[in-house]
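What follows is the residue order along each chain.
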Amino acid sequence: MKGNRSDQTVRLDLRKVREALERRTGRDYWRSLEEVLETEEAQDYLRHEFPAEADTFADPVGRRQFLRLMGASLAFAGATACVVQPEERIVPHVRAPEQLVPGRALYFASCVSAFGFAQGLLVESHDGRPTKIEGNPNHPASLGAATAFAQASVLDLYDPDRLQTIQYRGRIRTWTQLAAALETEFERFRLAGGKGLRILTGTVTSPTLGDQLLRLSENFPEARWVQYEPVSFDHVRAGRRAAFGQNVHSYSRLEHADVVFSLDADFLTFGPAALADTRAFSAKRRIRSPESQMNRLYAVESSPSLTGAMADHYKATTSRAVSRAAVALARNLGIQGLPDVDSPVPWLEAAARDLQNHSGRCLVLAGESQPPAIHALTHLMNERLASLGSVVVVTDPVEARPELQMHSLGELTREMRDGEVEALLILGGNPAFDAPADLEFAAALEQVPFRLHLTLLENETSRGCQWIVSQSHYLESWSDLRAFDGTASIVQPLIEPLYRSRSAHDLLKVPLNETGQSDYELVRQVWRRQWGEEDFERRWRRALHDGWIEGSALPVRQLSVDADAVLAAVARVDLEGEALELNLRPDPTVFDGRYANNAWLQELPKPLTKLTWDNALLASPALAERLGLSNDDLVEIAAGDRRVEAPVWIQPGHAPDSLTLYFGYGRSVAGRVGQGTGFDAYPIRTTATPWSIPEVSIKRTGRRRRLVSTQHHYSMEGRRLVRSGSLEEFRRNPDFVSQLAPEMPEKYDLYPNWNYPGYAWGMTIDLNSCTGCNACVAACQAENNIPVVGKEQVASGREMHWIRIDRYFEGSVDEPAVFHQPIPCMHCEQAPCEPVCPVAATVHSDEGLNDMVYNRCVGTRYCSNNCPYKVRRFNFLLYSDWATPSLKLQRNPNVTVRSRGVMEKCTYCVQRISAARIQASLEDRKIRDGEIRTACQQTCPADAIVFGDINDPNSRVSRLKASPLNYGLLTELNTRPRTTYLAKLKNPNPEATTE
């Protein structure tokens, strides 16, 4: 096929797609709508793996585009003159610290903010440089896991686009000058009691920052502190207040839940407890024998999510229909006084009986997109199911001061517009971009005489302020945070600030007359007041070592739900309406826009759509068929007088009468990576409809905008790569997995088996636990110095990720089952890539690893052509940035930075294997089981990946490979892969399947 594949777009005929699926029989899987098509055009498009390299430069416009991208470097290359190189000291240690050994990493406990709440981390440091993020296994909010956002946050530290100085109206200023200006302002406010002073922050759970802000409020009683984040959980807070009559906090203990009913709640990826929830939920999905027990998940949702993809029973419907389902479920649970509504879910009665049969071991959850009354109703249902106090616990608020943030921001904006605000200090965030459109925050900001913004990167808000203060990264500054259960953690820096940056603590010290105190002393002072002087130093050192403060979790409160208040709140909810609705959600990779300049996250394929470098309007196949829409069509979405243009992406399984827009893209000021990518969905978001707009219209513009999805790059060729069944099927026939696909008997081997007398490394991936969250992909990129390539190159099939997560569908396009399958290198015993390499660049080690010798590789790509798994990556155009000084600090020194013309792939993190081997040799012992954890394994929230020595029959990986659920990909080709999988099992309710 000639020409660049990115220009070869297949127009979808959904009628033909449905006909093709109806012709298929048995259990059949497909990855994309294009793959289902049997036309020669579609098949040619999918099989076209690598376009001719000359096509990249064939068009002069394309060549200019390429030079622009590589000049700006999507890996942050170029413009080095704009970067102040960090201070470099060439004098060696006269007396080196005892623990400092060149080449050996050190780990320090810290934590990162997620929705304002703490997630515990262990940060890897090489010679004083933070290079890699891991989860803290002892922290209750992470349990050893880390999100893709946390993994990529180390790249933000070294971002050359970071603000490096303090500025006033575009001119560089010193901290002394800023402090003098602040003192002048605060002296004036001190005389007026703080009237006209406003401080805007994100959600604050930090005891130290909260203490400063509360003391500031006492000193300036007329001042006001406002909190706002685009994902604010206002509906959750309001629902708790309605249910319990006061401000409280609640969270779930999914380890105690055998049955979970989710109402638009993406609890596996969304929220401050997502890592802990995923670990607890996935642990109850692991099946090791036919006698194993398994939890069950029901999900009703208006927008596709990873939680819905894990469900045993799933129904896609509108947001209002989800609310009706909640009311109908409550009625089936025996709650009286609720409106009589029609259930949009056919298996709702069976689900209600299932919940009642598991009283005290079940849970009903609602997502932030549902109204507060539905959240209150879930608390009432959990109380009636005897789960309140056991599966769901209530505590005092974790936030320093809980409030409904959308309302508070609206009040602040009104005051700014009316001239009541004389000075506004914005500590982080970007409200000029992400505030609800009806507030017109950016215009109101111009009415404030004194405007200051503390920010890591220049953004839309800082453009509207006179003072811009460069913010210190969390790896550069001291602070503290509380986790979802109230557990406190110390934010411990690992490096001196790279630039002339400051923290929020620094700014608040000025009005509190504490400028002579460091952040370190400030945090210690707060905890000294709580602990007292006795034994303080020991407890402080323990907190820094462990990464969390023992005994700091908030005590559980025993409260009852006010049923009358809940019923009254539900009665006020509008449950009617069948018009086309629009759901608004934070983007899976750039979130609310704060990660737009992070190239790792921009190129990370979104879990369900596999889109990169863009956002889209998601529509169901039924709606697309009705409106004559196809992928890449540019449409106009209108809600009243608000309009947004967006390209369409057809999402199988989406609710037929709903649309989904992800916000966070379309930044106008976001650095060289994020600026101009995607479209801005915030102009259609309002305070009244932050999550769901009940009535919208859609109109075709006649134009198209190319979207890039990595799921189109390879065809399955009709082969069975995913194997799945039900728990009951496994119990009836434990060997059903091995009967799903042909196996190659070992007696047909051309060569005799090779003996591995020492270690033989292997891996298993439990598809039953994997949620497809992408954390492993981001961790692999951070660990192995993997570059990004940009949208144009991804469109050509040239992404460089060493591990990908394939997403499969089974069934109809309207209600398919969804499966996720991580694909690293298989490390085949009989690797097809090895015999075809003319220079022996890919060879087998004596421990069974399929190694890559980079300095031998001449780039023939024969190995990639011969790899049936398509896991090898070719560095076409020198994607690695070798020039930008700050990026050099981030890279793992134990992994080679590859150049152009080299083939690369997963190595099972061979550098970690070597480090463990050296340590074991020094201690004269064998490597212990579990001592080596690959980057993907270590970060996995679901604990789905297990690595170890398959020569050891007692190792965890050997025991899993002995499971009847274990299988290898394409073993009929006799590749004998070292990476194998545990088949996916569902646990449907037999009563629900018959309704």
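Our subject is the structure that appears above.
Keep in mind that this is a model prediction, so the values were computed, not measured.

Each value, and the rule that gives it
Residues numbered from 1 in each chain as written. Predicted model: local features only at pLDDT ≥ 70, side-chain atom pairs only at ≥ 80, totals over all residues. Heavy atoms only, no water. Axes fitted to C-alpha atoms, helices over the stretch in contact; angles between N-to-C directions. Helix = DSSP H or I, 4+ residues; strand = E, 2+ residues; numbered from the N terminus. Parallel < 35°, antiparallel > 145°, perpendicular 65-115°, else oblique. Left-handed = near helix turned anticlockwise from the far one by under 90°. Contact = heavy atoms within 4.5 Å. Nonpolar A, V, L, I, M, F, W, Y, C, P; charged D, E, K, R; others polar. Buried < 20%, exposed > 50% of the residue type's maximum accessible area, 1.4 Å probe, protein only. Pairing = 2+ DSSP bridges. Core = buried A, V, L, I, M, F, W, Y, C linked by side-chain atoms within 4.5 Å. Phe/Tyr/Trp six-rings, centres within 6.5 Å; stacked < 30°, edge-to-face > 60°. Salt bridge = Lys/Arg side-chain N within 4 Å of Asp/Glu carboxyl O. Polar contact = N/O pair within 3.5 Å; in protein donor to acceptor, adjacent residues only side chain to side chain. Lys, Arg positive; Asp, Glu negative; His and termini not counted.

J.: Go over the packing of helix α11 (residues 319-332) against helix α13 (residues 372-384) with me, naming the residues and quoting the values.
T.: Each pair of packed helices can be summarised by the angle the axes make with each other and by the distance between the axes. Contact geometry for α11 and α13: axes closest at 10 Å, N-to-C directions at 25 degrees. Compared by their axis directions, α11 and α13 come out roughly parallel. Considering only the axes of α11 and α13, their crossing is left-handed. Here α11 contributes Ser-323, Ala-326, Val-327, Leu-329 and Ala-330 to the contact with α13, which in turn contributes Ile-374, Leu-377 and Met-381. By residue class, the composition of the contact of α11 with α13 is 7 nonpolar, 1 polar and no charged.

J.: Pulling in residues and values, what's your account of helix α19 (residues 536-546)?
T.: Among the residues making up α19, those that are buried are Phe-536, Trp-540, Ala-543, Leu-544 and Asp-546. Lining the buried residues of α19 we find β2 (106-114), β19 (488-491) and α18 (519-531). At the exit of α19 stands Gly-547, carrying a positive phi of roughly 90 degrees.

J.: Please set out unusual backbone geometry residue by residue, giving values where relevant.
T.: A positive phi is found at Arg-169, a non-glycine position, where the angle reads about 50 degrees. Although it is not a glycine, Phe-233 adopts a positive phi angle of roughly 60 degrees. Mapped onto the fold, Phe-233 is located in the loop between β8 (224-227) and α8 (234-244). A relative accessible area of 12% places Phe-233 in the buried class.

J.: Go over the sheet that holds strand β16 (residues 450-455) with me, naming the residues and quoting the values.
T.: In spatial order, the strands read β6-β5-β17-β16-β15-β7-β8; together these 7 strands make up an open sheet with mixed pairing. Strands with a single pairing partner mark the edges of an open sheet, and in this sheet they are β6 (171-173) and β8. Within this sheet the neighbouring strands show an average axis-to-axis angle of 20 degrees, counted without direction. Each of β7 (197-201), β8 and β15 (423-427) touches helix α14 (residues 405-417); the most contacted strand, β8, lies at about 130 degrees to it.

J.: Lay out the nonpolar core with the relevant residues and their values.
T.: The biggest cluster of nonpolar side chains holds 146 residues, and the ones touching the most others in it are Leu-582, Leu-617, Leu-661, Ile-684, Trp-761 and Leu-965. The element that contributes the greatest number of residues to this core is helix α5 (residues 148-157), accounting for 6 residues. Counting residues in each nonpolar core, the second largest holds 62 residues, with Val-327, Leu-380, Leu-388 and Leu-575 among its members.

J.: An account of the sheet that holds strand β35 (residues 945-949) is requested, with residue identities and associated values reported.
T.: Reading across the sheet, the 4 strands line up as β35-β28-β37-β36 and stay open at both edges, with mixed pairing between neighbours. The strands lining the two open edges of the sheet, one partner per strand, are β35 and β36 (966-967). By the bridge criterion, 2 bridges tie β36 to strand β37 (residues 979-982) in an arrangement that is antiparallel. Residue Tyr-967 lies in a different strand from β37, and its bridge partner there is Tyr-981.

J.: For the packing of aromatic side chains, give the residues involved together with the corresponding values.
T.: Taken as a whole and assessed by the stated rule, the structure comprises 28 aromatic pairs. Their ring planes at 75 degrees and their centres at 5.9 Å tell us that Tyr-520 and Trp-540 sit as a pair that is edge-to-face. In this pair, Tyr-520 sits in helix α18 while Trp-540 sits in helix α19, placing the two residues 20 residues apart along the sequence. When the ring of Trp-761 is compared with that of Phe-947, the centres are 5.6 Å apart and the planes differ by 20 degrees; the resulting orientation is stacked. Of this pair, Trp-761 sits in strand β28 (residues 761-766) while Phe-947 sits in strand β35, and the two are 186 residues apart along the sequence.

J.: Report on the pattern of salt bridges, specifying residues and quantitative values.
T.: Overall, the coordinates contain 59 salt bridges when judged by the stated rule. With its nearest N and O atoms 2.6 Å apart, the salt bridge here joins Arg-672 to Asp-161. With Arg-672 in helix α23 (residues 671-674) and Asp-161 in the loop between α5 and β5 (166-168), the pair connects residues that are 511 residues apart, well separated along the chain. For Arg-672, a relative accessible area of 24% puts it in the partly exposed group. A relative accessible area of 18% means that Asp-161 is categorised as buried. Between Glu-847 and Arg-917 there is a salt bridge, with its nearest N and O atoms 2.8 Å apart. With Glu-847 in the loop between β31 (842-844) and β32 (850-852) and Arg-917 in helix α29 (residues 910-922), this residue pair connects regions lying 70 residues apart in the sequence.

J.: Break down the environment of Arg-463 for me, with residues and values.
T.: Following the sequence through the fold, Arg-463 ends up in the loop between β16 and β17 (467-470). By relative accessible area, which is 54% here, Arg-463 ends up exposed. Along the backbone, Arg-463 and Gly-170 are 293 residues apart, and their C-alpha atoms lie at a distance of 9.4 Å. Sequence-distant contacts of Arg-463, defined by excluding residues within four places in its chain, comprise Glu-458 and Val-669. A polar atom in the side chain of Arg-463 sits 2.8 Å from the side chain of Glu-458.

J.: How would you explain the side chain of Glu-834 if you had to name every residue and give the values?
T.: Mapping Glu-834 onto the fold places it in the loop between β30 (817-823) and β31. For the buried Glu-834, no salt bridge exists, and the shortest N-O distance to an oppositely charged side chain is 7.2 Å, to Arg-872. Not counting the four nearest positions on each side in its chain, Glu-834 is found in contact with Thr-842, Val-843, His-844 and Asn-850.

J.: Which residues make up the pairing of β15, and what are the values?
T.: Counted residue by residue, β15 has 5 buried out of 5 residues, so it is predominantly covered. Of the two faces of β15, both are covered, the one formed by Ala-423, Leu-425 and Leu-427 as well as the one formed by Leu-424 and Ile-426. Pairing between β7 and β15: 5 bridges, direction parallel. Paired with Leu-197 across the bridge in β15 is Ala-423. As defined by bridge partners, β15 adjoins β16 across 5 bridges and the pair is classed as parallel. Pairing of Leu-424 across the sheet is with Arg-451, part of β16.

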